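Examination of the molecular architecture
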Amino acid sequence: MKNKPIPYGRQNITEEDIQAVVETLKSDYLTQGPKIMEFEKAFAEYTDSKYAVAVANGTAALHLCALALDVKEGDKVITTPITFAASANCVRYCGGEVVFADIDAETYLLNIDAVRKLLEEAPRGTYKGIIPVDFAGRAVNLEAFKILAKEYNLWIIEDACHAPGGFFSDSENKIQICGNGHFADLAIFSFHPVKHIASGEGGMITTNDEGLYNKLLQLRTHGIVKNDDLYQNSIEFAGGNQKYPGWYMEMQDLGYNYRITDFQAALGSSQLKRADEGLRRRREIAQKYSSEFKDENFIKGQSGVIEGHAYHLYIIEVEDRLGLYNFLREQSIFAQIHYIPCHLMPYYRDFGWKEGDMPKAENYYNHCISLPMYPTLSAEEQDFVISKVKEYYSE
Ligand SMILES: *Cc1c(COP(=O)(O)O)cnc(C)c1O
């Protein structure tokens, strides 16, 4: 008999979550209601940031960030090739140019030395920003990136989709939570079902910058402003006398409809309450993989046990990855590959990127495989996964 399929990641929906959604469906607001602000407030608190803006999905969050930072035609922005394509695509939405820099072979994160090299070798002002990714849930040392960004007058968007609740320890040994806005200008999160917090589709931007916050709110809703103090047309034009009439609003920028609904926000808030619990379980699972694989010689590298890691993914690097992948599938274990290097996607090849450009990322891609990692993965299921991985290499 076949076992129940074991995916690499999945959501955890409880009765409490369902009730939160149902309650919202019965309320006066399906969208643009109070649940959105509640979610934003709770998320800002969770990430230790001042402001949060909930949006339709993580990709919309990235796009709004690029717009708010005024990315324009030809602007060069640096990111990692080992990420989901959206981290890079947001630059292209605004007509900017994506420049990839290689990863660190140990951490799998954007290599700061590779970024520094790009900056040093180009005329000053060539680059506008950096998009580091807390890949797999491992927090980027943004303190170090901020020093570099300051020197070269760059902004930073932290793609923290994999790392709500993740952190790194700074040079003073203080804990810096992903998305807290101490070093990055903006940070983004996704609430896609494989991520830590699920709302179906959904995303969040966090920041400590009030100006950017207001800009994001405006761009999220068509570029429309509803504030008497900020109108550009006259009261007379608007049809009022002494003051602007109640119906008046202005579209001052080209924005989008990137809103989240109230029932999604209600689900997100309900999920957020259990985020720490989920994170604890993810760390437990990582601990077990790590110790089970510690002395196995088929392992070339693994995520390991790292302080502050949020373990969206647990990755091992192996020989004969294809063989292992197919063998696991035969057992209904659906391991996954994160990621096919972004610079070698046909779309980016068309810009001239080619094999050999990012040797560390490409070598990593040839060996990596993400094992099942989600809070409801049972101990028995994880034991089964571990035994099958070992079995494959014992032959
Ligand atoms: C999931 C993800 C995104 C995009 O989020 P969506 O909500 O799916 O649009 C962006 N970057 C990274 C690193 C992601 O994992």
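Residues numbered from 1 in each chain as written. Predicted model: local features only at pLDDT ≥ 70, side-chain atom pairs only at ≥ 80, totals over all residues. Heavy atoms only, no water.

Some words on the site of the ligand
Around the ligand lies a shell of 15 residues, among which Gly58, Thr59, His162, Ser190 and Lys195 are the nearest. One of the side-chain nitrogen or oxygen atoms of aspartate 159 is found 2.8 Å away from a nitrogen atom of the ligand. Measuring from an oxygen atom of the ligand, one finds a side-chain N or O atom of serine 190 at 2.7 Å. When the free accessible area of the ligand is taken as 390 Å², the share hidden by the protein chains comes to 93%. Counting residues per element, the ones that place at least two in the shell around the ligand are helix H3 (58-68) and helix H4 (86-93). With three residues, the single largest contributor to the shell around the ligand is H3. Among the residues forming the shell around the ligand, the class breakdown is five nonpolar, eight polar and two charged. (Near = heavy atom within 4 Å. Polar contact = N/O pair within 3.5 Å; in protein donor to acceptor, adjacent residues only side chain to side chain. Areas by Shrake-Rupley, 256 points an atom, 1.4 Å probe, with all protein chains shown as cover. Helix = DSSP H or I, 4+ residues; strand = E, 2+ residues; numbered from the N terminus. Nonpolar A, V, L, I, M, F, W, Y, C, P; charged D, E, K, R; others polar.)

Here's the deal with the sheet that holds strand E14 (residues 368-371)
Taken together, the three strands give an open sheet; going across it, the order is E12-E13-E14, and neighbouring strands pair in antiparallel fashion. With one partner strand each, in any of the chains shown, strand E12 (299-302) and E14 form the two edges of the open sheet. With strand direction ignored, the average angle separating the axes of adjacent strands in the sheet is 30 degrees. Relative to E14, strand E13 (residues 314-318) is paired through four bridges, and the arrangement is antiparallel. What sits directly across from isoleucine 316, in E14, is isoleucine 369. Across the face of the sheet, helix H10 (residues 275-292) comes into contact with E12, E13 and E14 while running at roughly 20 degrees to E13. (Pairing = 2+ DSSP bridges. Axes fitted to C-alpha atoms, helices over the stretch in contact; angles between N-to-C directions. Contact = heavy atoms within 4.5 Å.)

Quick word on the packing of aromatic side chains
Under the defined criterion, the tally for this structure stands at 27 aromatic pairs. With a centroid separation of 5.9 Å and an interplanar angle of 55 degrees, the aromatic rings of phenylalanine 135 and tyrosine 339 are classed as tilted. Residue phenylalanine 135 is found in the loop between strand E4 (127-131) and helix H6 (142-151), and its partner tyrosine 339 is found in the loop between helix H11 (321-330) and helix H12 (346-349); the two are separated by 204 residues along the sequence. Of the residues examined, tyrosine 339 reaches a relative accessible area of 12% and is grouped as buried. (Phe/Tyr/Trp six-rings, centres within 6.5 Å; stacked < 30°, edge-to-face > 60°. Buried < 20%, exposed > 50% of the residue type's maximum accessible area, 1.4 Å probe, protein only.)

Remarks on the pairing of strand E9 (residues 203-207)
Within E9, five of the five residues are buried, which leaves it mostly tucked inside the rest of the structure. Side chains Gly203, Ile205 and Thr207 of E9 all project onto a buried face; the interleaved residues Met204 and Thr206 project onto the opposite face, where all are buried too. Sheet topology note: the strand E1 (residues 51-55)/E9 ladder contains five bridges and is antiparallel. Paired with valine 53 across the bridge in E9 is isoleucine 205. As paired strands, strand E8 (residues 186-190) and E9 are joined by four bridges and run antiparallel to one another. Opposite serine 190, over in E9, you have glycine 203 as the bridge partner.

So, the domain arrangement of the protein
The domain architecture assigned to the protein consists of domain 1 (15-272) and domain 2 (275-394). Computed over C-alpha atoms, the centres of domain 1 and domain 2 are 27 Å apart. Opposite the 34 residues of domain 1 that make contact, domain 2 presents 32 residues. Of the roughly 2800 Å² buried between domain 1 and domain 2 on both sides combined, carbon and sulfur atoms contribute 64%. (Domains from an automatic or database assignment. Buried area = accessible area lost by both parts, 1.4 Å probe.)

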